[in-house]
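# Commentary on secondary and tertiary structure
Take a look at the letters that make up each chain.
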Amino acid sequence: MDLLKYSAKELSDKIKAGEVTVKEAVDACFANIDAKEESVHAYITICREEAYKKAEEVQKKIDAGELTGPFAGVPVAIKDNMCTEGILTTCASKILGNFVPTYSSEAVKKLEEAGVVVLGKTNMDEFAMGSTTETSAFGVTRNPRNTEHVPGGSSGGSAAAVAAEECFMALGSDTGGSIRQPASYCGVVGIKPTYGTVSRYGLVAYGSSLDQIGPLCKTVEDAAITLSIISGQDQKDSTSIPRNDLDFTKALVEDVAGMKIGIPKAYFGEGLDAEVKDAVLAAAEALKAKGAIVEEFDLDYVKYAIPAYYTIADAEASSNLERFDGIKYGYRTEEFQGLHNMYKKTRSEGFGPEVKRRIMLGSFVLSSGYYDAYYLKALRVKALIKQAFDKAFEKYDVILGPVAPTTAPKLGESLSDPMKMYLGDIYTIAVNLAGLPGISVPCGTDSKGMPIGLQLIADCFNENVLLQTAYTYEQMTKKGGN
Amino acid sequence: MDNASCRVLWEAICDNRKEPTMANVISDETIEYVGILAKLELDDAQKEQAKKDLAEMLDYIDELSELDTSAVEPMSHVHPTCNFFREDVVTNGDDRENILKNAPEEKEGAFVVPKTFD
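Residues numbered from 1 in each chain as written. Chains lettered and ligands numbered in written order. Predicted model: local features only at pLDDT ≥ 70, side-chain atom pairs only at ≥ 80, totals over all residues. Heavy atoms only, no water.

## So, the overall build of chain B
Here is the rule: What counts as a helix is a DSSP run of H or I of at least four residues, what counts as a strand is a run of E of at least two, and both are numbered from the N terminus. For the exposure calls, accessible area comes from a 1.4 Å probe over protein chains only, and a residue counts as buried if that area is under 20% of its type's maximum, exposed if over 50%, partly exposed in between. In what follows, a contact means two residues having at least one pair of non-hydrogen atoms within 4.5 Å.
Within chain B, the regular secondary structure consists of 4 helices and 2 strands. Overall, chain B shows an N-to-C arrangement of helices and strands of α-α-α-α-β-β. In chain B, buried positions account for 32% of the 118 residues. A separation of at least 24 residues holds for 41% of the contacts in chain B among residues at least 6 apart in sequence.

In structure tokens, the structure reads:
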């Protein structure tokens, strides 16, 4: 069997059994990268030398019995907004185009301790602001399923790298759907954990109250394993939370009998593509056939999630991105007159149009006189949205719906109308506002062959319910049940 | 623009400000002020585009005013427990060399900034 077809877990098992070496796995990935990158462009930076060095170290530790974990020896990719010591970390922005961190983010560190080999850093929308990976300062990524289409975003490079078999797992980050939506567009599994589960230390901040790191994988099992590795409270992230049980693989049980699944009626209204709708409802039927109790319900405030999100996320972004001033790191303009002119020119030349748009809106809604009317109002609506989910989870274990209203659009179709692009986030965004875990699982393709994603949402700290439902569905589809 | 003239400009904007309603119109003064807050320099074409974009987004955000939130507290953190603090004890050493590694300009162990006063 072509070793690129293995899941991350299967590959690691083969490596530990001595059937495949870490170097062979890395070789296979780089050969595939060499063959596909010209058309896909999933990576911003490829670290060949470092990867081979690491592969040798990891192999030795595996041979010595020091590394026995489920991902020992697995080649992975990291979204380029997570700091990696000694490796360029650009956030797909000119302003960080020369930034080489002197430390690694906590999630990357934990993965490396588990014995993975980092192959490179993946492309993304600049500062994770976008839904197509087209706002990157380093060129677009193309969807490996059909290169005329976008891979989604903002973790589009990570999703594309997994889908194109240019790595076995990739980390992404999700502020409003940036893991789940590209996973859906590229036909891979992506999970955004409960807010606070994975340390944000070393993740370049966008909307700090919404950002979470999570994996993009080939299988639900790989997602559960990654989550088990990278989760945990961290003193370096004051919003990280204590959780008792971080072994998410226990949830990999094929059983949804008696599971209560709610379908929000508003998620199936106007704007949803008919083929996406049919595929998602067919998935619901399949779970019902396995014994789940599936019913429709009214989820309140659905339409207010997007305006509330863009107010809060952009406000936080405007504050977070103040640090890019041309003094401490990153780009500095060539010619300037005085300090303030240097700040302005550096930032104007360093940031792309979408980032500027969001910084300006964020600055506006936080400004004196507008703070109450916009920013505080959005935080009040966020509370209402959270209450609506609390009410839903009194009745249901899982909420089921689509990830995005359509399959992946063609390149160049989205950026001309930012508002339309924002509206595409309708099903994913409320999950971030309410801090909930959400997963995207492939549930078929449309008539053009583009993947469709099923989104499952659970209450805070209930990743296990999410993973169990997703795993059960995935096993059914593998057996040809759907 | 210095702080005093910035303040005057802002007061003028506040005086002319309407309550948030549908169809926002962003004035030249407002976009000028947002540029100052955001520390961005925009040329005329970019300013016009920014005025249009900002107005369109605000029209959309104004949908939130349909909701009566007078009895709702603003929610900044979703979990009831927040802020996980460590003991206030220094654990890192002198990291000056690393911190300066990415500086666009450094001199004798310090960041170099443009002259800030005459």
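Now that the structure is up, let's keep going.
## What to know about the side chain of Gln455 of chain A
All names here are of chain A. Note the threshold: The definition of a polar contact used here is a pair of N or O atoms within 3.5 Å, where within protein one atom must be able to donate a hydrogen and the other to accept one, and adjacent residues in sequence count solely through side-chain atom pairs.
Mapped onto the elements, Gln455 comes out in strand S11 (residues 451–458). Of note is the side chain of Gln455, whose polar atom sits 2.8 Å from the side chain of Arg180. Reaching out from Gln455, the side chain makes a polar contact with the backbone oxygen of Pro402 at a distance of 3.2 Å. Non-local contacts of Gln455, meaning those with residues more than four positions away in its chain, are made with Arg180, Ile399, Leu400, Gly401, Pro402, Val403, Tyr427, Thr428, Val431 and Ile439.

## Topic: the pairing of strand S6 (residues 212–217) of chain A
Residues and elements named next belong to chain A. Threshold: In this analysis, strands are considered paired if DSSP registers two or more bridges between them.
Burial of S6 is extensive: 6 of the 6 residues sit out of reach of the surface. Here strand S4 (residues 169–174) runs beside S6; their pairing, made up of 6 bridges, is antiparallel. By the bridge assignment, Gly172 is partnered in S6 with Gly214. One ladder, built from 2 bridges, connects strand S5 (residues 189–192) with S6; its direction is antiparallel. Its bridge partner being in S6, Gly190 is matched across the sheet by Leu216.

## Looking at the nonpolar core
All names here are of chain A. Short version of the rule: Note on terminology: a nonpolar core comprises buried Ala, Val, Leu, Ile, Met, Phe, Trp, Tyr and Cys residues joined through side-chain atoms within 4.5 Å.
Ranked by size, the top nonpolar core spans 182 residues in total, and within it Phe127, Leu171 and Phe389 carry the most contacts. Top element by residues in this core is helix H12 (residues 371–395). It accounts for 13 residues. Counting 5 residues, the second largest nonpolar core, distinct from the first, contains Val150, Tyr185, Ala404 and Met450.

## Section: the packing of aromatic side chains
Two numbers describe a pair of aromatic rings. These are the distance of the centres and the angle of the planes. Residues and elements named next belong to chain A. Note the threshold: For Phe, Tyr and Trp, where Trp contributes only its six-membered ring, two rings pair if their centres lie within 6.5 Å, and the inter-plane angle classes them as stacked under 30 degrees, edge-to-face over 60, or tilted in between.
Following the criterion strictly, the structure yields 16 aromatic pairs over all chains and no others. Between Phe30 and Tyr52, the ring centres sit 5.6 Å apart and the planes meet at 40°, which makes this aromatic pair tilted. Of the two residues, Phe30 is situated in helix H2 (residues 22–40) and Tyr52 in helix H3 (residues 48–63); the sequence distance between them amounts to 22 residues. Looking at Phe30, the relative accessible area reads 2%, which means it is buried.

## Here's the deal with the side chain of Arg358 of chain A
Residues and elements named next belong to chain A. Assignment of secondary structure puts Arg358 in helix H11 (residues 353–366). Looking at Arg358, its side chain comes within polar contact range of the side chain of Glu354, at 2.7 Å. Apart from residues no more than four positions distant in its own chain, Arg358 is found in contact with Met129, Gly130, Tyr206, Tyr310, Asp314, Met421 and Tyr422.

## A closer look at the environment of Ala378 of chain A
Residue and element names in this part refer to chain A. Considering the arrangement of structural elements, one finds Ala378 in helix H12. The class of Ala378 is buried, set by a relative accessible area of 0%. A C-alpha to C-alpha distance of 27 Å links Ala378 and Asp397, two positions 19 residues apart in sequence.

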